[in-house]
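Chain by chain, the residues:
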Amino acid sequence: MKQNQSPQKVQKLFVEAATWLQKGDAARARRGLEKVVKMAPKSAAAWYNLALAAQHLGQHQKAVKEYTKSLALDPAQVEAVINLALSHKALGQEKEAISEAKRSLSMQPNHPRALNLLGTLSAEANDYDKARQYLEQSLQIDPANADARQNLANSLLGAGDSEQAALVLAPLIAAPSPTRDQMELQGRILLDQRKFDEVQPLLKTLKQRYPGDEGIKLLDMSFCELINDNFSVLNIAQEILKKNPRHARVWNSLGNAYFQLDSVDKAKESYQKAIEFDPEHPEYRNNTGLAFASLGDKERAEERYRQAVELDPEYIEAYRNLVAMKKFESLDDPDAVPLLKIWERKDQNDQMRCKLAFALGKIYDDCGLYDLAFETYHIGNELKLKEITMDFGQYYSHIDRIMQVLDSKPAKVVEDNESQIQPIFITGMSRSGTTLVEQIMSRHPDVTGCGELPCIDRAIGRLERNYGQMRVYPDDFPGLDISAFSQETKEYLDWVTRLHTISTGLFTDKLPFNFVHIWLIKVLFPAAAIVHCHRHPLDVIVSNYFQLYGSELNFVYDLEILARYYVRHHRLMRHWHRIFPGEIYKVQYEALVADSDTQTRKLIQGTGLEWDDACLDQKRSDAAVRTASIWQVREGIYTSSRERWRRYEKHLQPAIKILVKEGVLDSENRYLD
């Protein structure tokens, strides 16, 4: 210490700096403390507070150096060790953080902050049992520690126990002023519990209090992903990426939204961005593989799936996609063996075991082990059904209500469509041949294949909520002003051109579920061609029951529920054909695959197009395919799936009984049309 710098002067400067630190002005505190350590370089307290100021300013590299100097002077400072661990954690130095956290606990075994930190680090390493042990111990010692309580709730959520997480977090949420982080965690817990009605008001509050907050935007994006509002996901993701263009998770979510909206080229670009910023994440590799697969690039798709498995040898989603793209002849196949080994362990959670069941079911089916295939698919379906809380009775009543209310042609239709493009709607049950029909039509030089577009569903939502008052579909729709319908026609076409590059006069919308909304389609696009794809009900049911969907097709995971849904489809299509005679072209899947030349010509004629020989070129495939039938469609028309149901007839009796009783099938299981 210089002679003109007395201990009293140094102490005064130190106290002033420490006071600024306590008041939250870390920058001013640091300027003072930098002078102090020059005057008193052997003061452990000065170095500690200098490091603390750096930590508050987010300068963790400096904090690590300064805590280290402080501890060299006074190794007994347990708080310094804990804070050193926190700075290592902030720098992503996991090993160093764990090492210092354990050192602090060895110095003071019941230190609540040390226990809290080790619990948090354990949770981040996915060791949730240890995390819970440390965090519960921390709370026992200091029950009022809100940070430890929040971390415990967060850890429980990570472990998949959202119910217990909600109970742990409840005292913090019930407090007069819960923090932003506590409310965000509550939102994530509610999302995990699918309590969407409770999430919405919470999100509204958070967005009002913290406008522009990235974490809140991420929560909002997650909510929109779960409710399949892909249009909103696009908007939110693009907002986040403007400010944080290196956010891998957001690029992946953007890719998923584009993929679900059948804008596959944009999806692929987004997934590749996600990989660029986080190359070690298996999900991003797998998703890129899905995009390549949809575009028909089998080699690159397989390469990405295998990269995902290399990054995580138990990443079942990538295995499922590998299984889908090949025909298995033996259970000794190198791609079957690891799945069988994982299945035999029986230590997976329900979600993982569900995915395994659908992958193995396909392998058993390929190998001709039909009883074992059905048994395994059944396990997967039961596990998936446990996740679903949908009231199917209410859902079926809604479909029945559509038939009752919309029982005649619309009195008013949109006739002033100024767009140069017009949709062709390809509808029917999922797995009824809609993808095959779209592939045929997209080969025509006047048609662009745009896949499954949820624009009609979006129009219904807007018509219910917008235009001045709340409305109910279908009851209030016949009385709507035509101007509202005209606006939705424009909105539909605007979104299609945002998602796709369309250089032809016609494009396809092959969302199967649009069969429910044909009355509305005839209002919005009265001149549009509508194709109804039909296939034997039992082949439709088998094909759906053997498929794990990424979308919310909740009715496919139980044979009786699926059969009752088919009954609604059967009745509704008869209803539409009666109301719009000759305006809906029906394609029989079995006839199409048996005589593709003749049936293709009839299809093109039935949709009002001039014939073009390109429609018969099975090697040509201009439209992206992201459905479960991707590789079958890519390989051209095939007949092996006809009457596939006969292999499983004894297992299908719950569905058969309903279809016979409702007059869809006769006693010989023949379709009654």
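Residues numbered from 1 in each chain as written. Predicted model: local features only at pLDDT ≥ 70, side-chain atom pairs only at ≥ 80, totals over all residues. Heavy atoms only, no water.

Caption draft 1: Main features of the overall build of the protein. Tallying secondary structure elements over the protein gives 33 helices and five strands in all. For the protein, the spread of C-alpha atoms along the principal axes amounts to about 105 × 60 × 45 Å. Looking at the protein as a whole, 53% of its 673 residues qualify as buried. The contacts in the protein between residues at least 6 apart in sequence include a share of 65% that link residues at least 24 apart. Taking the average place of the 86 positive charges on the side chains of the protein and the average place of its 94 negative ones, the gap between the two points comes to 6 Å. (Helix = DSSP H or I, 4+ residues; strand = E, 2+ residues; numbered from the N terminus. Buried < 20%, exposed > 50% of the residue type's maximum accessible area, 1.4 Å probe, protein only. Contact = heavy atoms within 4.5 Å. Lys, Arg positive; Asp, Glu negative; His and termini not counted. Charge placed at Lys NZ, Arg CZ, Asp CG, Glu CD.)

Caption draft 2: Structural detail: the packing of aromatic side chains. If you walk through the whole model with that rule in mind, you get 24 aromatic pairs. Both rings, one in Phe374 and one in Phe546, keep their centres 6.1 Å apart while their planes meet at 65°; by these two values the pair is edge-to-face. Residue Phe374 is found in helix α22 (residues 370–386), and its partner Phe546 is found in the loop between α28 (537–545) and α29 (559–579); the two are separated by 172 residues along the sequence. For Phe374, a relative accessible area of 7% gives the class buried. Put simply, the rings of Phe358, Tyr370, Phe374, Tyr377, Tyr545, Phe546, Tyr557 and Tyr648 touch in pairs and so form one group of aromatic residues. Taking the ring centre of Phe328 as reference, the NZ or CZ of Lys326 above it sits at 5.0 Å. Above the ring of Trp343, the side-chain terminus of Arg353 is found at 3.7 Å from the ring centroid. (Phe/Tyr/Trp six-rings, centres within 6.5 Å; stacked < 30°, edge-to-face > 60°. Lys NZ or Arg CZ within 6 Å of the ring centre and 35° of its normal.)

Caption draft 3: Spatial organisation of the side chain of His247. Examined against the element boundaries, His247 turns out to sit in the loop between α14 (230–243) and α15 (248–260). Given a relative accessible area of 15%, His247 falls into the buried group. Apart from the residues within four sequence positions on either side, His247 is in contact with Glu214, Leu218 and Leu241.

Caption draft 4: Examining the packing of helix α7 (residues 112–124) against helix α9 (residues 146–158) more closely. Relative to each other, α7 and α9 sit at 20°, their axes nearing to 10 Å. Accordingly, the angle class assigned to the pair α7 and α9 is roughly parallel. Once α7 is placed against α9, the crossing between them reads as left-handed. The segment α7 lies against α9, with Asn116, Thr120 and Ala123 engaging Asp147, Ala148, Asn151 and Ser155. (Axes fitted to C-alpha atoms, helices over the stretch in contact; angles between N-to-C directions. Parallel < 35°, antiparallel > 145°, perpendicular 65-115°, else oblique. Left-handed = near helix turned anticlockwise from the far one by under 90°.)

Caption draft 5: Up close: helix α1 (residues 7–22). Its 16 residues place the ends of α1 22 Å apart at the C-alpha level, agreeing with the 22 Å of an ideal helix rising 1.5 Å per residue. Buried within α1 we find Val10, Leu13, Phe14, Ala17, Ala18 and Leu21. Summarising the axial view, the buried residues of α1 lie within an arc of 135°, below the 170-degree limit, and thus occupy one face. For α1, exposure combined with an orientation more than 90 degrees from the buried face picks out Gln8, Lys12 and Gln22. Contact partners of the buried residues in α1: α2 (26–39) and α3 (44–56). (Expected span 1.5 Å × (residues − 1). Arc of directions from axis to C-beta.)

Caption draft 6: Representation of helix α11 (residues 180–192) in the model. Taking 1.5 Å per residue, 13 residues should reach 18 Å; α11 reaches 19 Å between its end C-alpha atoms and fits that length. Within α11, burial applies to Arg180, Gln182, Met183, Glu184, Leu185, Gly187, Ile189, Leu190 and Leu191. Of the residues one or two after α11, Arg194 is the one with positive phi, at around 60°.

Caption draft 7: How the structure looks around the nonpolar core. Core analysis: the largest hydrophobic core is formed by 145 residues, its most contacted members being Tyr492, Leu520 and Trp576. With 11 residues, the top contributor of residues to this core is α29. Those residues in contact with Tyr492 that sit more than four places away from it in its chain are Pro423, Phe425, Leu453, Cys455, Ile456, Phe507, Asp509 and Phe525. Counting residues in each nonpolar core, the second largest holds 27 residues, with Leu33, Val36, Leu50 and Leu71 among its members. (Core = buried A, V, L, I, M, F, W, Y, C linked by side-chain atoms within 4.5 Å.)

Caption draft 8: Geometry of the side chain of Arg462. Tracing the backbone shows Arg462 in helix α25 (residues 455–465). Here Glu488 takes part through its side chain, which lies 2.8 Å from a polar atom of the side chain of Arg462. Ignoring sequence-local partners within four residues, the contact set of Arg462 consists of Tyr467, Gln487, Glu488 and Glu491. (Polar contact = N/O pair within 3.5 Å; in protein donor to acceptor, adjacent residues only side chain to side chain.)

Caption draft 9: Geometry of a positive patch on the surface. On the surface, a cluster of positive charge is made up of Lys23, Arg28, Arg31 and Lys35. Counting through the fold element by element, Lys35 comes out in helix α2. (Patch = residues over 30% accessible without salt bridge, like charges linked within 9 Å, V, L, I, M, F, W, Y side chains within 5 Å. Areas by Shrake-Rupley, 256 points an atom, 1.4 Å probe, with all protein chains shown as cover. Salt bridge = Lys/Arg side-chain N within 4 Å of Asp/Glu carboxyl O.)

Caption draft 10: Structural view of the packing of α7 against helix α8 (residues 128–141). Running from N to C, α7 and α8 cross one another at 160°; their axes reach a closest spacing of 7 Å. Classed by the angle they form, the pair α7 and α8 counts as roughly antiparallel. Judged by the twist between their axes, the crossing of α7 over α8 is left-handed. For the pair α7 and α8, contact is made by Pro112, Leu115, Asn116, Leu118, Gly119, Thr120, Ser122 and Ala123 and by Tyr128, Lys130, Ala131, Tyr134, Leu135, Gln137, Ser138 and Ile141, respectively. The residue inventory of the contact of α7 with α8, partitioned by class, reads nine nonpolar, six polar and one charged. (Nonpolar A, V, L, I, M, F, W, Y, C, P; charged D, E, K, R; others polar.)

Caption draft 11: Local environment of the confidence of the model for the protein. The predicted model of the protein averages 92 in pLDDT, with 96% of residues at 70 or higher. Mean pLDDT across the elements of the protein bottoms out in helix α32 (residues 630–634) (51) and peaks in helix α27 (residues 518–524) (98). (pLDDT = per-residue confidence, 0-100.)

Caption draft 12: Summary view of the pairing of strand β3 (residues 506–509). Where strand β1 (residues 422–428) and β3 come together, four bridges link them in parallel fashion. Each residue of the ladder has a partner; that of Gln422, found in β3, is Leu506. Pairing of strand β2 (residues 447–449) with β3 involves three bridges; the strand directions are parallel. Residue pairing in the sheet places Gly449 in a bridge with Thr508 of β3. (Pairing = 2+ DSSP bridges.)

Caption draft 13: Structural context of the state of the cysteines. Using the criterion set out here, one finds zero disulfides in the structure. With no disulfide of its own, Cys533 lies closest to Cys615 among cysteine sulfurs, the gap being 15 Å. Take Cys533: its relative accessible area is 2%, and that puts it in the buried class. (Disulfide = S-S within 2.5 Å.)

Caption draft 14: Local environment of the pattern of salt bridges. Counted under the stated rule, the structure contains 42 salt bridges. As a salt-bridge pair, Glu136 and Arg132 come within 3.0 Å of each other at their nearest N and O atoms. Of this pair, Glu136 and Arg132 both sit in helix α8, separated by four residues, roughly a single helical turn. In this structure, Glu302 engages Arg306 in a salt bridge whose closest nitrogen and oxygen atoms are separated by 3.0 Å. Note that Glu302 and Arg306 are positioned in helix α18 (residues 298–311) at a spacing of four residues, about one turn of the helix. Arg306 gets classed as partly exposed once you look at its relative accessible area, which sits at 31%. Salt bridges linked by common partners bring Glu302, Arg306, Lys326, Asp333 and Asp335 together as one network.

Caption draft 15: Main features of the sheet that holds strand β5 (residues 584–588). Reading across from one edge, β2-β3-β1-β4-β5 is the order of the five strands in this open sheet, with parallel pairing throughout. A single partner strand is all that each edge strand has here, and the edge strands are β2 and β5. On average, each strand axis in the sheet is tilted by 25° relative to the strand beside it, whichever way the strands run. Sheet analysis places β1 next to strand β4 (residues 529–534), joined by five bridges and oriented parallel. Across the sheet, residue Thr427 finds its bridge partner in β4, namely His532. Set on the sheet, helix α26 (residues 482–499) makes contact with β1 and β3; between it and β3 the angle comes to about 95°.

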